[in-house]
Amino acid sequence: MGMEVDIIFKIAGIGIVVAFLHTVLKQLGKEEYANWVTLLGFIYILFMVANIVEDLFKKIKSVFLFQ
């Protein structure tokens, strides 16, 4: 259970950092960079979630494969 909580905190931490950078860059007038930071943060989190889903499917496959 510790690993699931760790992943949730990683995603939340990345979200907080991306939101902070987006706000700072937008206030500095660098709106394009702010949008790129948000997009890259979203893509990084999307890959993290994709890995979690892949692990889930592997576990489900292993359960039904050995019965």
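In short, a report on the structure. (Residues numbered from 1 in each chain as written. Predicted model: local features only at pLDDT ≥ 70, side-chain atom pairs only at ≥ 80, totals over all residues. Heavy atoms only, no water.)

## Quick word on the overall build of the protein chain
And step 1. What the protein chain contains, in helices and strands, is two helices and zero strands.
And step 2. Over its C-alpha trace the protein chain gives a radius of gyration of 17 Å, far above what one expects of a compact globule, namely 11 Å for 67 residues.
And step 3. Referenced to the eigenvectors of the C-alpha coordinate spread, the extents of the protein chain come out at roughly 60 × 20 × 5 Å.
And step 4. In the form shown here, the protein chain has an accessible surface area of approximately 5,900 Å², with 73% of it arising from carbon and sulfur atoms.
And step 5. Positive and negative side-chain charges in the protein chain, numbering 6 and 6 respectively, have mean positions lying 2 Å apart. (Helix = DSSP H or I, 4+ residues; strand = E, 2+ residues; numbered from the N terminus. Rg over C-alpha atoms; globule rule 2.2 N^0.38 Å. Areas by Shrake-Rupley, 256 points an atom, 1.4 Å probe, with all protein chains shown as cover. Lys, Arg positive; Asp, Glu negative; His and termini not counted. Charge placed at Lys NZ, Arg CZ, Asp CG, Glu CD.)

## Structural notes on a nonpolar patch on the surface
And step 1. On the surface, a nonpolar cluster with roughly 710 Å² of combined accessible area is contributed by V49, I52, V53, L56, F57, I60, V63 and F64.
And step 2. Looking at the element boundaries, F57 is found in helix α2 (residues 31-65). (Patch = residues over 30% accessible without salt bridge, like charges linked within 9 Å, V, L, I, M, F, W, Y side chains within 5 Å. Salt bridge = Lys/Arg side-chain N within 4 Å of Asp/Glu carboxyl O.)

## Details of α2
And step 1. For α2, which comprises 35 residues, the first-to-last C-alpha distance of 50 Å matches the rise-based estimate of 51 Å (1.5 Å per residue) to within 8%.
And step 2. Turning to α2, its buried residues are A34, G41, I45 and M48. (Expected span 1.5 Å × (residues − 1). Buried < 20%, exposed > 50% of the residue type's maximum accessible area, 1.4 Å probe, protein only.)

## Section: the pattern of salt bridges
And step 1. Following the criterion strictly, the structure yields two salt bridges and no others.
And step 2. The closest approach of N and O atoms between K10 and D6, which form a salt bridge, is 3.8 Å. Linking K10 with D6, this pair stays in helix α1 (residues 2-27), spanning four residues, or about one helical turn.
And step 3. When its relative accessible area of 38% is taken as the criterion, D6 is described as partly exposed.

## Here's the deal with the environment of L56
And step 1. Looking at where L56 falls in the secondary structure, it is placed in helix α2.
And step 2. In the structure, L56 is positioned 50 residues away from D6 in sequence and 16 Å away in space, judged by C-alpha atoms.

## Things to note about the environment of V24
And step 1. Topologically, V24 is positioned in helix α1.
And step 2. Separated by 33 residues in sequence, V24 and F57 have C-alpha atoms that sit 39 Å apart.

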